[in-house]
Amino acid sequence: MAISSKARPYLIVIVLVLVVAGVVVARLPRDQPTAAPTTAAATTPPVVNAEGGAGAGDAYYPQDGNTGYDVSAYDVSVTYDPATKRLEGVARITAKATADLSRFNLDLYALEVTGVDVGERPAATFHQEGDHELVITPEAPLVNGEEFTTTVRYGGEPTLFEDRALGRSGWQVSTSGGAFAAGEPHSATTWFPANDTPRDKASFALTARVPEGWSVISNGVERGSQTTDGWTSFRWVAEQPMATYLTTIAIDRWTVERSTLPDGTPVVDAYAPGAENTRQHQRRLPEVLAFLAEKFGPYPFEAAGGIFLADNIGFSLETQTRPIYAAWADLDTVVHENAHQWFGDSVSLENWADICLNECFASYAQWLWAEAKEDVDLDERYRAEVERVADRETYWNRKLYDMGRGNEFRGVYDKGQLALHALRRQVGDPAFDRVLKDWTAANRDGNASWPEFEAHVERVSGQDLDAFFGAWFRGTEVPADEFLYPGPLRR
């Protein structure tokens, strides 16, 4: 590079000084210690300028959830007025950074964010992009392993997700004028910001404020209510980890019945106006849970109950500790949704391709109930069903594992029952019993995948089941006779 001629005399002096200094340093004894650095920058490694990813990486829903942190707790406060349908909320999200973060994302759908704090300081910036990304830049970068709390203030009129393959999910206004949030795979982010992936389970607490005369039911343990100036606040706390889509809020003029299970577990049942006829099924809940505990191991949660709508929505859902039921729900539905408390809630799927871990087992629980309580011969039921659908290609071409986005719920409710009964007969009742109980115990409060379940069954049974699983769960044709009629199923 070129240097100005006016600076040359000064440059010569500087060079001479540096040469002298170099000579002095060179004459210092080799073992003489040098001074330690005194600045913080010299002793503290700099934070890497990393950004949390938008999307947790599920193959079917790659933009759901986020990376860079792990949530441990949600504490959500909302005010909702059924007359205006407007919701105002403050969500406090406690998490730990799993990487150095200069920014990170949360998921929130169709509600406007008005303020964000990270720790005790306002975020440097925040903005919403796409249909559900909330992008947050903290005032100071977060260090890998650092625990932090994000507070989000938001509001608007909640809405729902419309999916051509999966139907409606999220926030819905009920026929009574109240509202409820439920749906799969999405629901939570229509009413609070979250890391919306089943992989990131967290405890959940809700304080919900509604006009006097309305009441609120949610997950977990009831922690009381308080009325002030014409508004009533309700508090619910679920301390055990929960996938976000299993959270719920239900606002109505509920008839609430409280009881306890024989072990003291509190039960809260809520009936919307017009849903009272479902009581006959829910009164058998203690019997249902006791039966399922015999099959799957101890009930995994600190509370139980049900939320019974008067709405004929297209699904009932295993919202954790307190399933939410459509108006058409029957006793089989109560068995199914409570079986999910083990399979789907306590042990949650790793990816949506693993949905058979939820639905196949909850559906087969209905068969187990019929066998024990109604003296149904399941082998005969199985054979009759196989005969009925034997030549129906559209029945058999539905995969039970890795079925593809939009196909998650096509085969798991009926073909899934056949597959699990065939598996039971393949390995025998003693091994099948161990498979179920050991699985729920080993993976309690966590996540698991279908390949992990296959390996688990092989360990417990001592059998090589690759061909069996390939035929029933990964295949798209009628299984060969050796897999279609294993053990006592052979005539």
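Residues numbered from 1 in each chain as written. Predicted model: local features only at pLDDT ≥ 70, side-chain atom pairs only at ≥ 80, totals over all residues. Heavy atoms only, no water.

- As annotated in an unreviewed UniProt entry, the protein carries the name Aminopeptidase N and is attributed to Saccharothrix carnea.
- As its UniProt record puts it under Cofactor (unreviewed entry), the protein is described as follows: "Zn(2+)".
- What UniProt records for the protein under Sequence similarities (unreviewed entry) is the sentence "Belongs to the peptidase M1 family." (UniProt positions renumbered as here; feature names shortened; annotations may be inferred.)

1. Thoughts on the state of the cysteines
Reasoning step 1: Evaluated as defined, the whole model comprises one disulfide.
Reasoning step 2: Disulfide pairing is shown between C356 and C360; the S-S distance is 2.0 Å. Given an S-S torsion of about -110 degrees, the disulfide between C356 and C360 has left-handed geometry. Taken as a pair, C356 and C360 lie in helix α6 (residues 356–373) at a separation of four residues, close to a single helical turn.
Reasoning step 3: Relative accessible area serves as the criterion here: at 0%, C360 is assigned to the buried category. (Disulfide = S-S within 2.5 Å. Helix = DSSP H or I, 4+ residues; strand = E, 2+ residues; numbered from the N terminus. Buried < 20%, exposed > 50% of the residue type's maximum accessible area, 1.4 Å probe, protein only.)

2. Notes on the packing of aromatic side chains
Reasoning step 1: Summed over all chains, the structure comprises 31 aromatic pairs.
Reasoning step 2: Measuring from ring centre to ring centre gives 5.8 Å for Y69 and F104, while their planes differ by 70 degrees; the resulting arrangement is edge-to-face. Note that Y69 is positioned in strand β1 (residues 69–81) and F104 in strand β3 (residues 104–107), a separation of 35 residues in sequence. Summarising the burial analysis for this pair, Y69 and F104 share the class buried.
Reasoning step 3: Ring geometry for F361 versus F453: centroids 5.2 Å apart, planes at 80 degrees, classification edge-to-face. Separated by 92 residues along the polypeptide, F361 in helix α6 and F453 in helix α11 (residues 450–461) bring together distant segments of the chain. (Phe/Tyr/Trp six-rings, centres within 6.5 Å; stacked < 30°, edge-to-face > 60°.)

3. Describing helix α5 (residues 331–339)
Reasoning step 1: A large share of α5 lies buried, amounting to eight of its nine residues.
Reasoning step 2: For α5, every residue scored as buried is listed here: L331, T333, V334, V335, H336, E337, N338 and A339.
Reasoning step 3: Backbone nitrogen of D332 and a side-chain oxygen of the N-cap are separated by 3.3 Å at the start of α5; the cap is D330. (Polar contact = N/O pair within 3.5 Å; in protein donor to acceptor, adjacent residues only side chain to side chain.)

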